[in-house]
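Each chain, letter by letter, is given below.
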Amino acid sequence: TQCISGCVCPDGLVLDGNSGCIPEEECSCIHNEAMYQPGEKINVDCNTCVCKNRKWECTKDQCLGTCAVYGDGHYNTFDDKRFSFNGNCEYTLVQDHCGKSGTANGTFRVITENIPCGNTGTTCSKSIKVFLEVRSYELILGEEHVSVIKRGQNDKVPYTVRYMGMYFVIETTSGLILMWDKKTSIFIKLSPAFKGQICGLCGNYDGNSINDFTTRSQSVVENVLEFGNSWKVSSTCPDAYSIKDPCSTNPYRKSWSEKQCSIINSNIFAACHSQVEPAKYYQACVTDACACDTGGDCDCFCTAVAAYAQACSEVGVCIAWRTPSICPLFCDYYN
């Protein structure tokens, strides 16, 4: 806050930071380095906070959990565990009804297909499949469009489809929201009702990141390759293996990548740095920019920066980072 107790003010008053004295209830509040006056409101995730008596008083609604998958196999689970996994196969991102019963009685399942996006063994998510209501509906997202396969007799469609800016959004009646940028970024949001009831590469959503590496057989492991390979959809796919650092394989791209990705550590994102640690997003950006050496290098860079911008947005920090020369969007088209 900007007010501190001081002995030079009369009883009941505090210093206002400008050599004046005011009642304590008139003190301002700080959020993301911005000052707010008493009574002003801000939104943090799904909750509303009001500045009162130098403090934020917030509602305590349970918010949707978010799992993010972007770029060259970067994952951020519902419980905020970050890891990278490269595999050239279809993988289960999230499903309910886990354990020995498998997906027999599940209400949803989300699968991503990873394909090579460079010459260094790196892979990117390019296609998504969403199964709903015990496989009654199969939604296939790829090549900037969605196709639907209906297998059941249920006339009530359990989902809605819409566009939100650059994102393609699927919202189901069961509490699943999937956002896809039609390229290499996927954001999955789940109702709190699914806490501890899911499994896959997005973790188990139980509020504890330590046990997120739970394999298909429900054993907790430490090795990311063992965890990731267990969620292959087809056993005929080869297991993923450790790959070389793409910046070492493509050293001529390293300096360009570091220069481009420095935007994440720059003053442009200064308001977010204290809320979302930028280091891992920066390193993921450099890795991806080095790896995408077969075209689409700007897509890889833009996807990585957009992932950090989205993480900032999730905590209430909106950053206007795109410019006509840096990852521009054709707004007339998207609107």
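- As named in an unreviewed UniProt entry, the protein chain is VWFD domain-containing protein, taken from Phalacrocorax carbo.

### What to know about the packing of aromatic side chains
Then step 1. According to the stated counting rule, one finds 14 aromatic pairs in the structure shown.
Then step 2. Relative to Phe-213, the ring of Phe-83 lies with its centre 5.2 Å away and its plane at 90 degrees, an arrangement referred to as edge-to-face. Of the two residues, Phe-83 sits in strand 10 (residues 82-84) while Phe-213 sits in the loop between strand 20 (198-199) and helix 1 (224-230), which places them 130 residues apart along the sequence. A single burial state applies to Phe-83 and to Phe-213, both of which are buried.
Then step 3. Ring geometry for Phe-213 and Phe-227: centres 4.7 Å apart, planes at 20 degrees, overall stacked.

### With respect to the pattern of salt bridges
Should the charged atoms of two oppositely charged side chains come close, the side chains can pair.
Then step 1. Tallied over the entire structure, the rule returns four salt bridges.
Then step 2. Between Glu-90 and Lys-129 there is a salt bridge, with the nearest N and O atoms lying 3.1 Å from each other. Here the residue Glu-90 occupies a position in strand 11 (residues 90-96), and Lys-129 occupies one in strand 13 (residues 123-132), the gap between them amounting to 39 residues.
Then step 3. Arg-162 is paired through a salt bridge with Glu-171; the nearest N and O atoms lie 3.6 Å apart.
Then step 4. Its relative accessible area of 37% is what places Arg-162 among the partly exposed residues.
Then step 5. Classification of Glu-171 by relative accessible area gives partly exposed; the value is 31%.

### Side note on the sheet that holds strand 6 (residues 47-52)
Then step 1. Taken in spatial order, the three strands make up an open sheet running 5-6-7, and their pairing is antiparallel. This sheet does not close on itself; its edge strands, each paired only once, are strand 5 (41-44) and strand 7 (55-58). In this sheet, neighbouring strand axes are inclined to one another by 35 degrees on average, regardless of whether the strands run parallel or antiparallel.

### Considering the state of the cysteines
Then step 1. Overall, the coordinates contain 10 disulfides when judged by the stated rule.
Then step 2. Here Cys-49 engages in a disulfide with Cys-58; their sulfurs sit 2.0 Å apart. On the sign convention where negative means left-handed, the S-S torsion of about 110 degrees between Cys-49 and Cys-58 marks this disulfide as right-handed.
Then step 3. Shown here is the disulfide that connects Cys-272 with Cys-312, its sulfur atoms set 2.0 Å apart. The sign of the -100 degrees torsion about the S-S bond sets the Cys-272-Cys-312 disulfide as left-handed. Remark: Cys-312 occurs in helix 6 (residues 297-314) and Cys-272 occurs in helix 4 (residues 270-273); sequence separation between them is 40 residues.
Then step 4. Here Cys-318 stays free of any disulfide, with the sulfur of Cys-312 as its closest cysteine sulfur at 9.5 Å.

### Some thoughts on the side chain of Ser-191
Then step 1. Among the structural elements, Ser-191 can be located in the loop between strand 19 (185-190) and strand 20.
Then step 2. Under the relative-accessibility criterion, Ser-191 is labelled buried at 18%.
Then step 3. Here Ser-191 is in contact with Leu-64, Gly-175 and Tyr-205, once residues within four sequence places are set aside.

### Some details on the packing of helix 3 (residues 254-261) against helix 5 (residues 279-291)
Then step 1. At a minimum axis separation of 8 Å, helix 3 and helix 5 run at an interaxial angle of 140 degrees. With respect to helix 5, the element helix 3 is oriented oblique. In the packing of helix 3 onto helix 5, the handedness of the crossing is right-handed. The residues of helix 5 that touch helix 3, namely those facing Lys-254, Trp-256, Ser-257, Glu-258 and Cys-261, are Tyr-282, Cys-285, Val-286, Ala-289 and Cys-290.
Then step 2. Here the contact of helix 3 with helix 5 is composed, by residue class, of seven nonpolar, one polar and two charged.

### What to know about the confidence of the model for the protein chain
Then step 1. Summarising the model, the protein chain shows a mean pLDDT of 82, and 80% of its residues fall at 70 or more.
Then step 2. Counting contacts from residues 1-6, a segment whose pLDDT is below 50, to residues more than four positions away or on other chains yields 20 contacts.

### A short note on the side chain of Thr-172
Then step 1. Relative to the elements of secondary structure, Thr-172 occurs in strand 17 (residues 167-172).
Then step 2. The contact partners of Thr-172, leaving out residues within four places of it in the chain, are Leu-132, Pro-158 and Tyr-159.

### Considering the nonpolar core
Then step 1. In this structure, Leu-93, Val-94 and Ile-188 are the most contacted members of the largest nonpolar core, which totals 39 residues.
Then step 2. Those residues in contact with Ile-188, other than ones at most four positions away along the chain, are Gly-65, Thr-66, Cys-67, Phe-78, Leu-93, Val-94, Val-110, Leu-176, Ile-177, Leu-178 and Cys-202.
Then step 3. Listed in part, the 29 residues of the second largest apolar core include Tyr-282, Val-286, Ala-289 and Ala-311.

Cut-offs and rules
Residues numbered from 1 in each chain as written. Predicted model: local features only at pLDDT ≥ 70, side-chain atom pairs only at ≥ 80, totals over all residues. Heavy atoms only, no water. Phe/Tyr/Trp six-rings, centres within 6.5 Å; stacked < 30°, edge-to-face > 60°. Helix = DSSP H or I, 4+ residues; strand = E, 2+ residues; numbered from the N terminus. Buried < 20%, exposed > 50% of the residue type's maximum accessible area, 1.4 Å probe, protein only. Salt bridge = Lys/Arg side-chain N within 4 Å of Asp/Glu carboxyl O. Pairing = 2+ DSSP bridges. Axes fitted to C-alpha atoms, helices over the stretch in contact; angles between N-to-C directions. Disulfide = S-S within 2.5 Å. Contact = heavy atoms within 4.5 Å. Parallel < 35°, antiparallel > 145°, perpendicular 65-115°, else oblique. Left-handed = near helix turned anticlockwise from the far one by under 90°. Nonpolar A, V, L, I, M, F, W, Y, C, P; charged D, E, K, R; others polar. pLDDT = per-residue confidence, 0-100. Core = buried A, V, L, I, M, F, W, Y, C linked by side-chain atoms within 4.5 Å.

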